[in-house]
Amino acid sequence: MSDDQLFREVDEEVRRDRFEILLKQYGKYVAVAVIVILGVTVGTVFWLQFQERQQLAASERFAAATQLVATDELEQALDEFAALAESAGAGYQVLAGLRQAALLIELGDNDEAIALYDSLAESSGVDQVYRDLAVLLSVTHQADDGDPAVLSGRLEALTADTNPWRFSARELTGILAIRSGDVDRARELFEGLSANLDAPAG
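**Student:** I keep staring at the packing of helix α7 (residues 166-179) against helix α8 (residues 183-195) and nothing clicks. Help me out?
**Tutor:** Helix packing geometry: the angle between the two helix axes and the distance between the axes. Running from amino to carboxyl end, α7 crosses α8 at an angle of 155°, the nearest separation of the two axes being 8 Å. Viewed along their axes, α7 and α8 adopt a mutual orientation that is roughly antiparallel. Of the two possible hands of crossing, α7 and α8 adopt the one that is left-handed. Listed contacts from α8 to F167, R170, E171, T173, G174, I175, A177 and I178 of α7 are R185, A186, L189, F190 and L193. Split by residue class, the contact of α7 with α8 holds eight nonpolar, two polar and three charged.

This is the structure we're talking about:
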């Protein structure tokens, strides 16, 4: 046996001894760490599958409620959207709330619809874009008889250049300006919308 082979064997033996010592000292900790990692992984997979099933169920319920609207079963649809708004995950919860409010308007219950829009607008669990939409819809359904100054104040943040609802908010602000007698402000808003190439044609 050459010296190189002898040194390699001795080195391997030393490494093996060190590994066995480390295994005796820390083996139980490694085993616990492996079990924890496996547990977290399995738990995460089950949780994701559960969420996926919940989303699928909410999607099917939303589609069924929408079909009830299509067949003029509005009261039943209203109940379904209300139930979804209470129990579904964040996405369908908001959509169901908006559809519920729209149905209330269609059924002539403006006050309850406005209260629902305002509730969505004030909910911290709702994405800002939907909260702003709820404000816009609430103000829209109060534009004929609500206080123009108060309603315009609620729209102010929505008229910012970065807000996705800015064009509708500016148009509505112009309508409220006419109601309050501020024709110059209304003209300024409408001319700005007319000149803005990004504004929807309508």
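**Student:** What am I meant to see in a nonpolar patch on the surface here?
**Tutor:** A cluster of nonpolar side chains, L95, V129 and Y130, forms an exposed patch at the surface whose accessible area comes to about 210 Å². Within the element layout of this structure, V129 appears in helix α5 (residues 128-140).

**Student:** Please clarify how the nonpolar core should be interpreted in this entry.
**Tutor:** Side chains of nonpolar character tend, in soluble globular proteins, to be buried together. Formed by 36 residues in total, the largest nonpolar core has its most connected members in F81, L103, V139 and L155. When residues of this core are traced back to their parent elements, those giving at least two are α1 (3-70), α2 (74-87), α3 (90-106), α4 (110-121), α5, α6 (148-155) and α7. Top element by residues in this core is α3. It accounts for eight residues.

**Student:** Could you clarify how one ought to interpret the side chain of R170 in this entry?
**Tutor:** Within the secondary structure, R170 is located in helix α7. In this structure R170 comes out as buried when scored by relative accessible area, which is 16%. Residues in contact with R170, not counting those within four places in the same chain, are T159, A160, D161, L189, L193 and N196.

Reading the values: the criteria
Residues numbered from 1 in each chain as written. Predicted model: local features only at pLDDT ≥ 70, side-chain atom pairs only at ≥ 80, totals over all residues. Heavy atoms only, no water. Axes fitted to C-alpha atoms, helices over the stretch in contact; angles between N-to-C directions. Helix = DSSP H or I, 4+ residues; strand = E, 2+ residues; numbered from the N terminus. Parallel < 35°, antiparallel > 145°, perpendicular 65-115°, else oblique. Left-handed = near helix turned anticlockwise from the far one by under 90°. Contact = heavy atoms within 4.5 Å. Nonpolar A, V, L, I, M, F, W, Y, C, P; charged D, E, K, R; others polar. Patch = residues over 30% accessible without salt bridge, like charges linked within 9 Å, V, L, I, M, F, W, Y side chains within 5 Å. Areas by Shrake-Rupley, 256 points an atom, 1.4 Å probe, with all protein chains shown as cover. Salt bridge = Lys/Arg side-chain N within 4 Å of Asp/Glu carboxyl O. Core = buried A, V, L, I, M, F, W, Y, C linked by side-chain atoms within 4.5 Å. Buried < 20%, exposed > 50% of the residue type's maximum accessible area, 1.4 Å probe, protein only.

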